[in-house]
Amino acid sequence: MSKVIVVGGGAAGMMAAVAAADAGHRVILAEKNEKLGKKVFITGKGRCNVTNAADMDVLFDNVCTNAKFLYSAFYQYDNRAVMDFLEKAGCPLKIERGDRVFPVSDHSSDVIAAFQRELKKRGVEVLLHTEVKGLVVEESKTDDKALRCMGVEIAGGKILDADACILCTGGVSYASTGSTGDGHRFAEETGHKIIDCKPSLVPLEMAEDWCKELMGLSLRNVALRMCGGKKEIYQGFGEMLFTHFGISGPLVLSASSFYAKHKKDKGDVKIYIDLKPALDEEQLDKRLLRDFDENKNKQFKNALGGLFPAKLIPVMISLSGIHSDKKVNEITKEERKAFVTLIKNVPLTVTGTRGFAEAIITQGGVSVKDVNPSTMESKRVKGLYFAGEVLDLDAMTGGYNLQIAWSTGYLAGTSVE
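Predicted model, so just to flag it, every value in this text is computed and none were measured.

Participant: I'm lost on the overall build of the chain in this one. Help?
Facilitator: The helix and strand inventory of the chain stands at 13 helices and 22 strands. Burial statistics for the chain: of 417 residues in total, 55% are counted as buried. Sequence separation of 24 or more characterises 72% of the internal contacts of the chain that already satisfy a separation of 6 or more. Here the chain displays about 18500 Å² of accessible surface, and carbon together with sulfur accounts for 48% of that area. Averaging the positions of the 55 positive and the 54 negative side-chain charges in the chain gives two centres separated by 3 Å.

This is the structure in structure tokens:
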């Protein structure tokens, strides 16, 4: 039996502690906050989208960074295993649109409570208000100068010795939950490469001032394309929201994952919104003709109520270049065709993302090249394991990022020798 210290009491840390205890180890879980699962508590707007019930190939398709690294982790502890664990731990689940899995209660606190019960049942020692300041790493006496993790130093200079440590400190998004990049610093100090961190699943800032005029307007069932120069780097369908700085909403958060990777492309990164994705240009033109025919004696500004929300009409008129007072029966075929193209391709210019304070996850972190994908153990320091968002792993919205945390946490916990 080994003594294992898990650093960080978020999703990955709680799962790693459970798994290590199940493997027969004595486990200490050190958390600097006053409670466990602080970030889990706010995920899914407080409902906690614990995983996604889709097939495994869908899970892999929704991982944005280093999906192949996750083969062992996902197959050893998949979405069904997570669901089974939580249900048996007294947290009933339900599956919603897009195969998103939530607690039946819609309360993330029930997920955390389930883990707390399981940790207590296994005798895991939970140390709250315990900030780890660094790793204790020494040269192994038996393995030709190989480095070995021997424990951690906590605030006040006290050393907690251990046979193995699992770093589950998260990224740098939502710093208020305790994700302040500590694990990246610990890893870098012990020779691991850190991939530059960027905010991901984050709202996007736009150059166009008219976004402010639409602040608060939510659009459902729209399509979005993001292009870097001439290259299409993302396309998706769903819901978006206009804000005082640009755009947000589930569709935009997903697009942001690809913006961070491709913004070095030459030329501005542009977004095109298709307001009527169910219709092709020919069908939309026929629809517009019908609307215009019914309102042929009305001014342009008064003939668009059936097409757009009221708040959007002035912006669409402005972008069209057609005078708002022009009679519908005076609009030329060319103007109408151009308006159809605009509806299918409303242009926006991305100037950047919001910061880490608004990012759901962090893109970047400990390089997976320094970690054994079959065990989550460091290739540089024996007895040091990584799990969750501290690693250079990220995925789309929909429960996939929490699945990464559960799977890597479980694999790290079960791999400790």
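Participant: For this particular structure, what's the right way to read the packing of helix 10 (residues 281-294) against helix 12 (residues 333-344)?
Facilitator: To describe two helices that pack against each other, one gives the angle between their axes and the distance between the axes. Running from N to C, helix 10 and helix 12 cross one another at 120 degrees; their axes reach a closest spacing of 10 Å. Relative to helix 12, the element helix 10 lies oblique. In terms of crossing hand, the pair formed by helix 10 and helix 12 is right-handed. Of helix 12, the residues touching helix 10 (which contributes Glu281, Leu284, Asp285, Leu288, Leu289 and Phe292) are Arg336, Lys337, Phe339, Val340, Thr341, Ile343 and Lys344. Residues belonging to the contact of helix 10 with helix 12 are distributed by class as follows: 7 nonpolar, 1 polar and 5 charged.

Participant: Just to check I follow, could you spell out a negative patch on the surface for this structure?
Facilitator: On the surface, Asp55, Asp57, Asp61 and Asp99 cluster together to form a negatively charged patch. Relative to the assigned elements, Asp55 resides in the loop between strand 3 (51-52) and helix 3 (56-61).

Participant: What should I look at first to understand the nonpolar core in this one?
Facilitator: As a rule of thumb, nonpolar side chains are buried together in soluble globular proteins. One finds Leu86, Met226, Ile271, Leu275 and Phe308 to be the most contacted residues of the largest nonpolar core, which totals 131 residues. With 9 residues, the top contributor of residues to this core is helix 1 (residues 11-22).

Participant: What should I look at first to understand helix 12 in this one?
Facilitator: Residues lying three or four places apart along an α-helix face the same way, a consequence of the helix completing one turn every 3.6 residues. Compared with an ideal rise of 1.5 Å per residue, which puts 12 residues at 16 Å, helix 12 spans 17 Å between its outermost C-alpha atoms and is within 8% of the ideal. Every buried residue belonging to helix 12 is among Arg336, Phe339, Val340, Leu342, Ile343 and Lys344, and all of these are buried. Buried residues in helix 12 make contact with strand 17 (269-274), helix 10, helix 11 (313-320) and strand 18 (346-353).

Participant: Just to check I follow, could you spell out the sheet that holds strand 6 (residues 100-103) for this structure?
Facilitator: Paired through their backbone hydrogen bonds, the strands of a sheet run either parallel or antiparallel. Read across the sheet, 3 strands follow the order 3-6-5 without closing on themselves; strand pairing throughout is antiparallel. Edge positions in the open sheet fall to strand 3 and strand 5 (93-95), since each of these has one partner strand only. The sheet contacts of helix 5 (residues 79-88) involve strand 3, strand 5 and strand 6, and relative to strand 5 the element is tilted by about 140 degrees.

Participant: Please explain the sheet that holds strand 18 as it appears in this structure.
Facilitator: Ordered by their spatial adjacency, 6 strands build a closed barrel running 13-16-15-14-17-18, and the pairing between neighbours is antiparallel. Within this sheet the neighbouring strands show an average axis-to-axis angle of 45 degrees, counted without direction.

Participant: Looking at this model, I keep getting lost on the packing of aromatic side chains. Mind explaining?
Facilitator: Aromatic ring pairs are reported here in terms of the distance separating the ring centres and the angle at which the planes meet. Summed over the entire model, instances satisfying the criterion amount to 12 aromatic pairs. Considering the side-chain rings of Tyr77 and Tyr410, the 4.1 Å spacing of their centres and the 15 degrees angle between planes classify their relative orientation as stacked. With Tyr77 in the loop between helix 4 (71-76) and helix 5 and Tyr410 in helix 13 (residues 400-415), this pair connects stretches of sequence that are 333 residues apart. On the basis of relative accessible area, Tyr410 is assigned to the partly exposed category, the value being 24%. Taking the centre distance of 5.3 Å and the plane angle of 70 degrees together, the rings of Phe300 and Phe339 count as edge-to-face. Highlighted residues: Phe300 in the loop between helix 10 and helix 11 and Phe339 in helix 12, separated in sequence by 39 residues. Residue class for Phe300 comes out buried when judged on its relative accessible area of 0%.

Conventions and cut-offs
- Residues numbered from 1 in each chain as written.
- Predicted model: local features only at pLDDT ≥ 70, side-chain atom pairs only at ≥ 80, totals over all residues.
- Heavy atoms only, no water.
- Helix = DSSP H or I, 4+ residues; strand = E, 2+ residues; numbered from the N terminus.
- Buried < 20%, exposed > 50% of the residue type's maximum accessible area, 1.4 Å probe, protein only.
- Contact = heavy atoms within 4.5 Å.
- Areas by Shrake-Rupley, 256 points an atom, 1.4 Å probe, with all protein chains shown as cover.
- Lys, Arg positive; Asp, Glu negative; His and termini not counted.
- Charge placed at Lys NZ, Arg CZ, Asp CG, Glu CD.
- Axes fitted to C-alpha atoms, helices over the stretch in contact; angles between N-to-C directions.
- Parallel < 35°, antiparallel > 145°, perpendicular 65-115°, else oblique.
- Left-handed = near helix turned anticlockwise from the far one by under 90°.
- Nonpolar A, V, L, I, M, F, W, Y, C, P; charged D, E, K, R; others polar.
- Patch = residues over 30% accessible without salt bridge, like charges linked within 9 Å, V, L, I, M, F, W, Y side chains within 5 Å.
- Salt bridge = Lys/Arg side-chain N within 4 Å of Asp/Glu carboxyl O.
- Core = buried A, V, L, I, M, F, W, Y, C linked by side-chain atoms within 4.5 Å.
- Expected span 1.5 Å × (residues − 1).
- Pairing = 2+ DSSP bridges.
- Phe/Tyr/Trp six-rings, centres within 6.5 Å; stacked < 30°, edge-to-face > 60°.

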